Amino acid sequence: MTGPKIGVVGGGQLARMMAPAAHELGFDLEILAESEDVCAVQVVPHAPVGDYKDFDVLLNFARDKDVLTFDHEHVPTDFLQRLIDEGVNVQPRPGALVHAQDKLEMRRAVERLGLPNPRWAEVKTLDELLSFGDEIGWPVVLKTPRGGYDGKGVLVLDDADQARGADVARWFEQLPERTDFSSLLAEEKVPFTRELSALVARRDSDEVKAWPVAESIQVNSVCDEVIAPAPGISAETAQAASQAAITLATELGVTGVMAAELFEVPGSAQGFLVNELAMRPHNSGHWTQDGSVTSQFEQHLRAVLNLPLGATEVKGEVAIMKNFLGGSNEDIFGMYPAALEEDPRAKIHFYGKGVRAGRKIGHVNIGGKSDQVEELRQAATRVANILSHGTAEL
């Protein structure tokens, strides 16, 4: 007896964390790895190495799979449509995925659906950027529509003089030679109080399930902590945020997990603005591995195979996720005794990556009562500090 065969393009930590969920369900999961040393290779028996930017490589990998899904959003959209034309079951499909690949397409879709957007403009010249900044007021955020993540591909411009600087000039000068985009995205710098994440999953039958809206805490443009549910969020904002994510997933035809990253803006019409979309398991959903009835990784596999979705309630009252990055400690396993002893409630998820300063190499999950949020955050931080730096207190 054999279960469904799932192909995952990309061999990063998301693919690595899909593997246990697939194995528990009896599914056969294979990955198309970028190289032999990507971290998912350690846990997936069949992991051929190939370039996802080579269509023939993609097609050969996909031919015998029941479904093809993704660890990242960088596969060219036209390749995905060609795979569909060849009979490959691609999930999510390119018509949906483009809204996570291209921030301009995402902004247009959010506007079309009547959901709360920051003020924004497509700009191709410095004059257009300056006009936008003068119209809405500085500062302005300038983004590359494709390829940016964890703060890359983003410039915060405090005034018109900064917009005239060398970094911005370089971006505009490169536009005529680029093949991935021909204009830039300018947005208002939103006066938000915190960042939220509305995580949902949808399958082709149109069933959608949402997890509780979580608070996502960023440090140096990298997700540092997630608290689910978001502490102190009003019922109205939580409901509106979940409904916005459900609307986006439904109207865009998303299959699998989708994270809607949001800016909380008290006093605005719905209490938030849409920041970005991700159509795959997401860092802001790692808490679900230990804190939800159904993890985002299991749910993603269910959804792309069009199987009934699992329950999304929080186990207990609150769940905390704390990322740990590469730091002064290079012997991660050598610190396991101290880390595991520090708090027996903590669950450590190490990605098997080599330690490099600032590199995201794992996370810690911990759950408890809603009146313990600060104590739980401190406990998760101490465990993460031991793994990154060899000491609980920094």
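Being a predicted model, the structure only gives us computed values, none of them experimental.

Reading the values: rules and limits
Residues numbered from 1 in each chain as written. Predicted model: local features only at pLDDT ≥ 70, side-chain atom pairs only at ≥ 80, totals over all residues. Heavy atoms only, no water. Core = buried A, V, L, I, M, F, W, Y, C linked by side-chain atoms within 4.5 Å. Buried < 20%, exposed > 50% of the residue type's maximum accessible area, 1.4 Å probe, protein only. Helix = DSSP H or I, 4+ residues; strand = E, 2+ residues; numbered from the N terminus. Contact = heavy atoms within 4.5 Å. Axes fitted to C-alpha atoms, helices over the stretch in contact; angles between N-to-C directions. Parallel < 35°, antiparallel > 145°, perpendicular 65-115°, else oblique. Left-handed = near helix turned anticlockwise from the far one by under 90°. Nonpolar A, V, L, I, M, F, W, Y, C, P; charged D, E, K, R; others polar. Salt bridge = Lys/Arg side-chain N within 4 Å of Asp/Glu carboxyl O. Arc of directions from axis to C-beta. Pairing = 2+ DSSP bridges.

## What about the nonpolar core?
By size, the foremost hydrophobic cluster in this structure holds 44 residues, and its most contacted members are Leu83, Met258, Leu277 and Met279. If you tally residues by element for this core, the top one is helix α9 (residues 235-251), at six residues. Residues contacting methionine 279, with those up to four places away along its chain left out, are Glu73, Pro92, Ala96, Leu97, His99, Ala100, Leu252, Val254, Val257 and Met258. In terms of nonpolar packing, the next biggest core, distinct from the first, is built from 24 residues, Leu29, Ile31, Ala40 and Tyr351 among them.

## Re the packing of helix α3 (residues 77-85) against helix α4 (residues 94-101)
The N-to-C vectors of α3 and α4 enclose an angle of 165 degrees; their axes lie 10 Å apart at closest approach. Looking at the two axes, α3 sits roughly antiparallel to α4. For the pair α3 and α4, the crossing hand works out as right-handed. Between α3, through Thr77, Leu80, Gln81 and Ile84, and α4, the contact on the second element is made entirely by Pro94, Leu97, Val98 and Gln101. Broken down by class, the residue content of the contact of α3 with α4 amounts to five nonpolar, three polar and no charged.

## Let's talk about the pattern of salt bridges
Inspection of every chain in the model, using the stated rule, returns 29 salt bridges. Residues glutamate 30 and lysine 5 are paired through a salt bridge, measuring 3.9 Å at the closest nitrogen-oxygen approach. Of the two residues, glutamate 30 sits in strand β2 (residues 28-32) while lysine 5 sits in strand β1 (residues 5-9), which places them 25 residues apart along the sequence. Judged by relative accessible area, glutamate 30 falls into the buried class, the value being 5%. On the basis of relative accessibility, which here comes to 21%, the residue lysine 5 falls in the partly exposed class. Of the charged contacts in the structure, one is a salt bridge between arginine 108 and glutamate 105, with a shortest N-O distance of 3.0 Å. Here arginine 108 and its partner glutamate 105 are both found in helix α5 (residues 103-112), three residues apart, which amounts to about one turn of the helix. Look at arginine 108 and you get partly exposed, because its relative accessible area is 31%. Assessed through its relative accessible area of 30%, glutamate 105 is described here as partly exposed. Counted as one network, the salt bridges with shared partners bring together Lys5, Glu30, Asp64 and Lys65.

## Some thoughts on helix α6 (residues 126-136)
Here α6 has its buried residues at Leu129, Leu130, Phe132, Gly133 and Ile136. Take α6 and look down its axis: the buried residues cluster within an arc of 160 degrees, on one side only. Projecting away from the buried face of α6 at angles above 90 degrees are the exposed residues Asp127, Asp134 and Glu135. Elements in contact with the buried residues of α6: β4 (120-123), β5 (140-143), β6 (154-157), α7 (160-163), α8 (166-174) and β7 (184-188). Directly after α6, the chain includes glycine 137, whose backbone phi takes a positive value near 100 degrees.

## Looking at the sheet that holds β1
Here three strands make up an open sheet; going across it, the order is β2-β1-β3 and the pairing parallel. Each edge of the open sheet carries a strand with a single partner, namely β2 and β3 (67-70). For this sheet, the mean inter-axis angle between neighbouring strands, taken without regard to orientation, is 30 degrees.

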